[in-house]
Amino acid sequence: MRHSISLGFALAATMATATPLYADEPTDVPINVVASFSVLADMVEEVGGDHVTVTALVGPDSDPHMFSPSPTEARAVAKADLVVFNGLNYEGWMERLIDSSDYQGAMVTATEGITPLTFHGHDHGHDHGHDHGGHDHETHGQEHDHDHHGHDDHDQSGHHHEQGSPDPHAWQDLGNAITYVANIRDGLIAADPAHADAYRANASRYSEAITSLDEELHALLAEVPANSSVITGHEAFDYFANAYGITFLSPSGLSTSSEPSAADLARLIDVIRDEGVSALFNESMTSTATLEQLSEETGLPIAGTLYSGSLSAEGEASTYLGMMRHNAEVLHDALGVAGHQAERAPEQMHDHEESHDHGHAHEYDQQHELADDHSGHDH
């Protein structure tokens, strides 16, 4: 019995001695990061690893253009250690959300250091000057202040982009994603310096994967005929076009909330006929009605679905790199016979006009333009 009591006292003494040692060690609690939409959330998770808990304000299969923050999102921002957003007027609701949440912490503008492309509006026939040989991605300095809010970058509506304004969809070029990752890395280090080495290592690994995929996509899309033109739901792919050499046209502008006018559709039908557009593609965040009408009017099939500003909730497009690979593969598979499609497109259009009386489309356009004039809508 004395032995047992002595052993008990010894164990208790050991535990009493050990307790302060554990208490003095820092607890490894993940920091809370709020990302404005799913693409950025995935990037933050890749760079942050186990040291972050990420909340996407606009989740997968949801449209950032149409998002309207609620008190729930304001509370999430208020509790955040770091907020990451795209900038370039993409999240026009961000300033109001920050103000309503009274957030005073660090912020990362993911596009900081990227020279944006310019939105050309409904100029359906413009030429990107694409070259399948690829392009050099400019290296930008990453020194910037993560604590400033950069509110001047946001418009108040979030749904209106003027011709000549910056195109915010910069992540559609994998070369730009390297800058995104560097900015996210620096923001995480500023918010959580204790895990700086992990953030640097994760960012380096992720950047290598991005560079590898970029090379893969250049090789894959180099197989597509250089004169390939496609039509998508809204103008979100100019960076992709600039990087990988495919001309994208759209019936809408940068925002999914804008609807094309009847005149826009009539001009686009003319472009399809005159330029031998190769394929139509649904865009995951836009209505299929417009493209279905174009398909009916032109005889071109809808060749697949592309993802621009929102990841898929599941499947290959549920990650940023998976989304980019998915888009490239869908385009490649559809345009592999693009040269033949382009050759027969004018004949196809001619036959379709004869069988369907294409002139009714212009009557439809005129009727809708008159209706638009009476309703006071400005397209």
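Basis of the calculations
- Residues numbered from 1 in each chain as written.
- Predicted model: local features only at pLDDT ≥ 70, side-chain atom pairs only at ≥ 80, totals over all residues.
- Heavy atoms only, no water.
- Helix = DSSP H or I, 4+ residues; strand = E, 2+ residues; numbered from the N terminus.
- Buried < 20%, exposed > 50% of the residue type's maximum accessible area, 1.4 Å probe, protein only.
- Areas by Shrake-Rupley, 256 points an atom, 1.4 Å probe, with all protein chains shown as cover.
- Phe/Tyr/Trp six-rings, centres within 6.5 Å; stacked < 30°, edge-to-face > 60°.
- Pairing = 2+ DSSP bridges.
- Axes fitted to C-alpha atoms, helices over the stretch in contact; angles between N-to-C directions.
- Contact = heavy atoms within 4.5 Å.
- Parallel < 35°, antiparallel > 145°, perpendicular 65-115°, else oblique.
- Left-handed = near helix turned anticlockwise from the far one by under 90°.
- Nonpolar A, V, L, I, M, F, W, Y, C, P; charged D, E, K, R; others polar.
- Expected span 1.5 Å × (residues − 1).
- Core = buried A, V, L, I, M, F, W, Y, C linked by side-chain atoms within 4.5 Å.

K.L.:
Quick one: what's the story with the overall build of the chain, residue by residue and with numbers?
P.N.:
Regarding its fold elements, the chain presents 12 helices and 8 strands. Expressed as a percentage of its 379 residues, the buried residues of the chain come to 52%. Counting only carbon and sulfur atoms, one obtains 49% of the accessible surface of the chain, whose full area is about 17400 Å².

K.L.:
Any chance you could break down the packing of aromatic side chains for me, citing the residues and the numbers?
P.N.:
One pass over the full model with this rule turns up 7 aromatic pairs. Clustering of aromatic rings is evident, with ring pairs tying together Phe237, Phe240, Tyr244 and Phe248.

K.L.:
Outline the sheet that holds strand E5 (residues 229-231), supporting the account with residue identities and numerical values.
P.N.:
On the basis of which strands lie adjacent, the open sheet formed by 4 strands has the order E6-E5-E7-E8 and parallel pairing. Each edge of the open sheet carries a strand with a single partner, namely strand E6 (247-249) and strand E8 (302-306). Between one strand axis and the next, the sheet turns by 35° as a mean value, whatever way the strands run. In the sheet, strand E7 (residues 279-283) pairs with E8 via 3 bridges, with the strands oriented parallel. Each residue of the ladder has a partner; that of Asn282, found in E8, is Thr305. Packed onto the sheet, helix H10 (residues 320-335) meets E5, E6, E7 and E8 and runs at close to 170° relative to E8.

K.L.:
Break down the sheet that holds strand E1 (residues 31-37) for me, with residues and values.
P.N.:
Pairing within the open sheet is parallel, and its 4 strands lie in the order E2-E1-E3-E4. Either end of the sheet is taken by a strand with one partner, and the two such strands are strand E2 (52-58) and strand E4 (106-109). Here the average twist between neighbouring strands, direction ignored, is 20°. Pairing between E1 and strand E3 (residues 82-85): 3 bridges, direction parallel. In the strand pairing of E3, Val34 is matched with Val83.

K.L.:
Please provide a residue-by-residue account of the packing of helix H3 (residues 71-78) against helix H4 (residues 94-101), values included.
P.N.:
Running from N to C, H3 and H4 point in directions that differ by 70°, and their axes come no closer than 8 Å. In terms of axis orientation, H3 runs roughly perpendicular to H4. For the pair H3 and H4, the sense of crossing is right-handed. Note on element contacts: H4 touches H3 through Leu97, Ile98, Ser100 and Ser101, opposite Glu73, Ala74, Val77 and Ala78. For the contact of H3 with H4, the residue count by class is 5 nonpolar, 2 polar and 1 charged.

K.L.:
Go over helix H8 (residues 262-275), please, and point to the residues and values.
P.N.:
Compared with an ideal rise of 1.5 Å per residue, which puts 14 residues at 20 Å, H8 spans 20 Å between its outermost C-alpha atoms and is within 8% of the ideal. Along H8, the residues that are buried comprise Ala262, Ala263, Asp264, Leu265, Ala266, Leu268, Ile269, Val271 and Ile272.

K.L.:
With reference to specific residues and values, describe unusual backbone geometry.
P.N.:
One non-glycine residue, Asp61, lies in positive phi territory at about 60°. For Asp61, the position within the fold is in the loop between E2 and H3. Backbone geometry at Asn89 places phi at a positive 70°, although glycine is not the residue there.

K.L.:
Tell me about the nonpolar core, and please be specific about residues and values.
P.N.:
Ranked by size, the top nonpolar core spans 78 residues in total, and within it Met43, Tyr320 and Leu331 carry the most contacts. In contact with Met43, other than residues within four places in its own chain, are Trp171, Ala177, Tyr180, Ile184, Tyr206 and Tyr320. Membership of the second largest hydrophobic core comes to 12 residues, among which are Leu249, Ile272, Leu280 and Leu300.

K.L.:
Go over the pairing of E7 with me, naming the residues and quoting the values.
P.N.:
Most of E7 sits out of view: 5 of its 5 residues are buried. Both faces of E7 are covered, namely the face carrying Ala279, Phe281 and Glu283 and the face carrying Leu280 and Asn282. In the sheet, E5 pairs with E7 via 2 bridges, with the strands oriented parallel. Within the sheet, the bridge partner assigned to Val230 lies in E7 and is Ala279.

Shape descriptors only; they carry no functional weight alone.
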